[in-house]
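Geometric and topological summary
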Amino acid sequence: MTQLLRTHLYNEHVKLGAKIVPFAGWDMPVQYSSVKDEALAVRNSAGVFDVGHMGEFFLDGKDAEKFADYLVTNDILNASNGKAIYSPLCRENGTVVDDLIVYKLAPGRVMIVVNASNIEKDFNWMKSKHKGFDCTFVNKSNDYSLIALQGPKSFEILKTIIKDLPDLDYYSVFETAFDGQPVILARTGYTGEDGFEIFGSHTTVENAWKKLVAAKVVPCGLASRDVLRLEVCFPLYGHELNDEVNPYDAGLGWTVKGSKTNFIGKEILASKPAKYKLVKLELEKGIPREGYPVLNSALEVVGSVTSGSMSVVTGKGIALARIQIDKAPKDEVFLVDIRQKPYPAQLVKKPFVTGGHK
Amino acid sequence: MATNIPANLQYTKEHEWTLLSGDTVTIGITDFAQSSLGDIVFLEVPEVGSEIKSGSTFGVVESIKSVSDLYSPVTGEVIAKNTDVEASPDKINADAYGAWLIKVKVKNTDELKNLLSPAQYQEFCNTSH
């Protein structure tokens with residue numbers, strides 16, 4: 001077994017009494033107090049997550065935006081400077097290598113943030129496509145710490161420690177200083193709430209973490225993060241997305257911009273090749289979990305749950321489920337098989353919870 | 001982990017507590033179990049009148065993020081279930097030893113001889129996480 005990695009904030013988590021579990025090769029805090037209290041803190045006031053395990057790649061040079069635009073399906077070239085863009089990263093056959101965020105820091109300067117479990121895979125994939133683009137491409141994951149301050153009070157709280165904090169738009173980014181040290185500040189996150197992600201050197205981010213915790217921001221673990229992202233129906237790689245599916249299979253057709261001149265997977269994705277569709281299911285009774293079969297009214301299996309939990313906001317069972325398109329029931333009646341018992345599930349069109357981001 | 005282990009109960013390695021009274025065993029989950037699980041949000045226990053078997057699962061307890069089976073330490077008939085706790089499973093977090101789950105009329109009280117004493121259970125909790 002390989003040694004689990006630890007973020008720079010590991011000792012802080014231990015001091016705060018966190019329960020630590022292995023996640024994507026890392027020893028990460030799964031919860032500090034209670035999953036419910038942590039999730040509700042983010043919905044109602046503010047919470048802070050250590051997401052230092054995530055990967056940061058930097059593209060610097062004339063072709064930085066062009067290279068990023070070629071790699072991913074979403075439109076990078078036409079987005080303004082200072083914008084953050086969510087996108088799948090696909091292969092020529094349309095399958096998803098990872099989902100990520102491209103940050104346009106400045107002309108000729110781009111940061112790409114990827115899932116912890118995929119850092120090596122993504123870097124090797126991107127590196128293999130780098131030839132011919134006039135920019136550097138560097139993995140700086142080990143040099144950066146990252147924390148996410150999330151919740152409706154994020155701006156008000158962050159303003160107390162970064163005095164000249166501008167009221168950035170959601171999905172914007174800028175480079176500034178904290179305690180005299182450079183940081184990248186992005187109004188992004190994985191909870192659907194307003195919030196900021198703070199990238200910087202390990203010691204700088206540690207200082208920011210300590211100041212936020214001292215300001216009574218609730219430290220939150222990966223468990224609450226997973227519930228929060230599921231409530232607002234954000235996909236998670238390894239669950240809704242994987243090496244076998246394409247963006248259309250996961251309801252991410254909106255991120256594929258066929259109008260772009262060229263990008264990896266463009267040809268195949270032009271035909272919108274979906275074998276599956278991702279649906280949102282809500283249960284009055286029973287908690288759906290990953291892998292549980294999804295049934296039609298005749299109790300035939302039509303798909304399975306990719307992520308499931310109980311919503312801390314609604315108290316209902318909630319699930320994202322991958323349904324085979326050729327078996328999708330016309331009457332839209334679904335049940336979830338929980339321990340060999342079918343539980344009625346309501347198909348919903350909107351996210352289970354509406355996040356309060358700007 | 002510091003945990004509350006009442007002296008008048010007997011325990012299983014699956015972190016259930018039992019209380020024998022005549023030929024009836026009351027079963028719940030321990031303070032250690034509720035604390036490990038976190039916010040308990042769902043409980044499934046068998047209907048009154050059903051038979052349960054020693055060593056088999058008889059129900060499920062779920063926290064927001066996890067599902068755990070409940071294992072019966074005895075064979076017998078379920079003669080009561082705690083509908084209050086079924087309706088509000090968070091009562092287990094508040095008081096694990098007050099929030100009993102089911103009462104079972106046992107066929108053979110000898111089965112209870114294999115259960116852990118409070119001291120043995122404390123030792124078990126100390127060595128397993």
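Before any of the text, the structure's been laid out above.
Below: a short report on this structure.

With respect to helix H2 (residues 35-44) of chain A
Residues and elements named next belong to chain A. Counting buried residues in H2 gives 7 out of 10 residues, a clear majority hidden from the surface. When H2 is considered as a whole, its buried residues turn out to be Val35, Lys36, Glu38, Ala39, Ala41, Val42 and Arg43. Against strand S3 (26-31), strand S4 (47-50), strand S10 (145-150), strand S14 (218-220) and helix H7 (222-231) lie the buried residues of H2.

Focus: unusual backbone geometry
Negative phi characterises most residues that are not glycine, and trans characterises most peptide bonds. Residue and element names in this part refer to chain A. Unlike most non-glycine residues, Asp179 shows phi in positive territory, near 55 degrees. Mapped onto the secondary structure, Asp179 falls in the loop between strand S11 (173-178) and strand S12 (181-186). Residue classification places Asp179 among the partly exposed positions, given that 13 C-beta atoms sit within 10 Å. Phi is positive for Arg339, which is not a glycine, with a value near 50 degrees. Accessibility expressed as a C-beta count within 10 Å gives 14 for Arg339, which makes it partly exposed.

Overview of the sheet that holds S10(A)
All names here are of chain A. The 6 strands are arranged S11-S12-S13-S10-S4-S14 in an open sheet whose pairing can be described as mixed. Strands with a single pairing partner mark the edges of an open sheet, and in this sheet they are S11 and S14. The sheet shows a mean angle of 30 degrees between the axes of neighbouring strands, direction not considered. Across 6 bridges, S10 lies against strand S13 (residues 195-200) in antiparallel orientation.

Focus on the interface of chain A and chain B
Many descriptions give the size of an interface as the accessible area lost when the pieces come together. Residue-level contacts link 12 residues of chain A with 9 residues of chain B. Contributions of two or more residues to the side of chain A that touches chain B are made by H2, H7 and strand S17 (301-310) of chain A. For the side of chain A that touches chain B, the residue count by class is 6 nonpolar, 3 polar and 3 charged.

Quick look at the pairing of strand S5 (residues 55-60) of chain A
All names here are of chain A. As paired strands, S5 and strand S8 (residues 109-114) are joined by 6 bridges and run antiparallel to one another. Among the inter-strand pairings, Gly55 is bridged to a residue of S8, identified as Val114. The pairing of S5 with strand S9 (residues 136-139) spans 4 bridges and is antiparallel. Paired with Leu59 across the bridge in S9 is Phe137.

Observations regarding the pairing of S11(A)
Residues and elements named next belong to chain A. Of the strand pairs in this sheet, S11 and S12 are connected by 6 bridges, and their pairing is antiparallel. Across the sheet, Ala177 pairs through a bridge with Pro182, a residue of S12. Between S11 and the antiparallel strand that follows it, S12, lie 2 residues; Asp179 among them carries a positive phi value of about 55 degrees.

A closer look at the nonpolar core
When a protein is soluble and globular, its nonpolar side chains tend to lie buried together. Residue and element names in this part refer to chain A. Judged by nonpolar contacts, the single largest core of 138 residues is most densely connected at Ala68, Val102, Tyr103, Ile147, Leu149, Ile198 and Val336. At 7 residues, the largest contribution of residues to this core is made by strand S7 (residues 96-106). Ignoring any residue separated from it by four or fewer positions in sequence, one finds Leu149 in contact with Ala46, Val48, Ser154, Ile157, Leu158, Gly195, Phe196, Ile198, Leu212 and Val217.

Cut-offs used in this document
- Residues numbered from 1 in each chain as written.
- Chains lettered and ligands numbered in written order.
- Predicted model: local features only at pLDDT ≥ 70, side-chain atom pairs only at ≥ 80, totals over all residues.
- Buried ≥ 20, exposed ≤ 12 C-beta atoms within 10 Å, placed from the backbone.
- Helix = DSSP H or I, 4+ residues; strand = E, 2+ residues; numbered from the N terminus.
- Contact = placed C-beta atoms within 7 Å.
- Pairing = 2+ DSSP bridges.
- Axes fitted to C-alpha atoms, helices over the stretch in contact; angles between N-to-C directions.
- Nonpolar A, V, L, I, M, F, W, Y, C, P; charged D, E, K, R; others polar.
- Core = buried A, V, L, I, M, F, W, Y, C linked by C-beta atoms within 7 Å.

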